[in-house]
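# Structural description and commentary
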Amino acid sequence: MTLETARLLLRPFTTEDAADVHVYASDPAVCRFTEWGPNSEEDTREWLEDAEAAGIPAHWAITLRDDAVGAAGRIPAGTVVGGVGVYGENRGPLDASPSIRELGWVVRRDLWGRGIATEAVRAVIEALIEQDELEQVHARCRPEHKASAKVMAHLGLSLVRRIENDVERDGQWMHSDLYALSLAR
Ligand SMILES: CC(C)(COP(=O)(O)OP(=O)(O)OC[C@H]1O[C@@H](n2cnc3c(N)ncnc32)[C@H](O)[C@@H]1OP(=O)(O)O)[C@@H](O)C(=O)NCCC(=O)NCCS
């Protein structure tokens, strides 16, 4: 299954995507607010094996439909430049209702600020709206993560509440802001 937008094609990840994924998954700036990373090559390979096995709708690879120009020059069409994760139950403190999905997103750093996350996540939400049993999507971000809060606003997700000490990484606890969107049909 694929999703197409003006500039992007979203498709399942495969283990062939390791080099592309590692560009962002190993980048400390990308991982500043994430629960994972920066990845070793081994981490990325293992994650991709899981992502390939889980498939759609759990993990969407964001690929470019046309060439783009990034910090290190041309990024060819077809490159995986990020991902959208769709998580079901068993996600931490969230309501474990089967009618809720939690979304997460990442884009490689040299393409930030071009609307790629907003465009990709919007397409995933539109696909989720087609699933009759789903009522809400949730997403969490660290309170100081302005870019992600912007993506929430662009997509119409509203702030629900702050979750104190929600995520632990390297012995440090971080708060999260929980956002939600009703999938009104
Ligand atoms: C969050 C992330 C996916 C956004 O990707 P993106 O493709 O740049 O997102 P978009 O361009 O669609 O939207 C980002 C918005 O934030 C804005 N922005 C970026 N940095 C900002 C900052 N420091 N302060 C305020 N706004 C900021 C951009 O200008 C843009 O707003 P605009 O569309 O009104 O111009 C990207 O920054 C990323 O991958 N970060 C690392 C991984 C991560 O933290 N993921 C989210 C976990 S909750």
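Whatever comes next refers back to the structure up there.
The rules behind the values
Residues numbered from 1 in each chain as written. Predicted model: local features only at pLDDT ≥ 70, side-chain atom pairs only at ≥ 80, totals over all residues. Heavy atoms only, no water. Axes fitted to C-alpha atoms, helices over the stretch in contact; angles between N-to-C directions. Helix = DSSP H or I, 4+ residues; strand = E, 2+ residues; numbered from the N terminus. Parallel < 35°, antiparallel > 145°, perpendicular 65-115°, else oblique. Left-handed = near helix turned anticlockwise from the far one by under 90°. Contact = heavy atoms within 4.5 Å. Nonpolar A, V, L, I, M, F, W, Y, C, P; charged D, E, K, R; others polar. Disulfide = S-S within 2.5 Å. Phe/Tyr/Trp six-rings, centres within 6.5 Å; stacked < 30°, edge-to-face > 60°. Patch = residues over 30% accessible without salt bridge, like charges linked within 9 Å, V, L, I, M, F, W, Y side chains within 5 Å. Areas by Shrake-Rupley, 256 points an atom, 1.4 Å probe, with all protein chains shown as cover. Salt bridge = Lys/Arg side-chain N within 4 Å of Asp/Glu carboxyl O. Lys, Arg positive; Asp, Glu negative; His and termini not counted. Charge placed at Lys NZ, Arg CZ, Asp CG, Glu CD.

## Section: the packing of helix α3 (residues 116-129) against helix α4 (residues 146-155)
- Look at α3 against α4: their axes get within 10 Å of each other, and the N-to-C directions meet at 45°. One element, α3, and the other, α4, form an angle in the oblique class. Pair α3 / α4 crosses with right-handed handedness. Residues Ala117, Thr118, Val121, Arg122 and Ile125 of α3 touch α4, and the partners they reach there are Val151, His154 and Leu155.
- Grouping the amino acids of the contact of α3 with α4 by side-chain chemistry returns five nonpolar, two polar and one charged.

## Overview of the state of the cysteines
- Summed over the entire model, instances satisfying the criterion amount to zero disulfides.
- The thiol sulfur of Cys31 is not disulfide-bonded, and the nearest other cysteine sulfur, from Cys141, lies at 16 Å.

## Some remarks on the packing of aromatic side chains
- In the structure shown here, the tally under the stated rule is one aromatic pair.
- Here Phe13 and Trp47 contribute two aromatic rings whose centre-to-centre distance is 5.0 Å and whose plane-to-plane angle is 85°, an arrangement assigned as edge-to-face. Remark: Trp47 occurs in helix α2 (residues 41-54) and Phe13 occurs in the loop between β2 (8-12) and α1 (18-25); sequence separation between them is 34 residues.

## Remarks on a negative patch on the surface
- A grouping of Glu16, Asp43, Glu46, Glu49, Asp50 and Glu52 is seen on the molecular surface, where their side chains present a negatively charged patch.
- Note on placement: Glu16 falls in the loop between β2 and α1.

Functional significance is not addressed by these values, which are geometric in nature.
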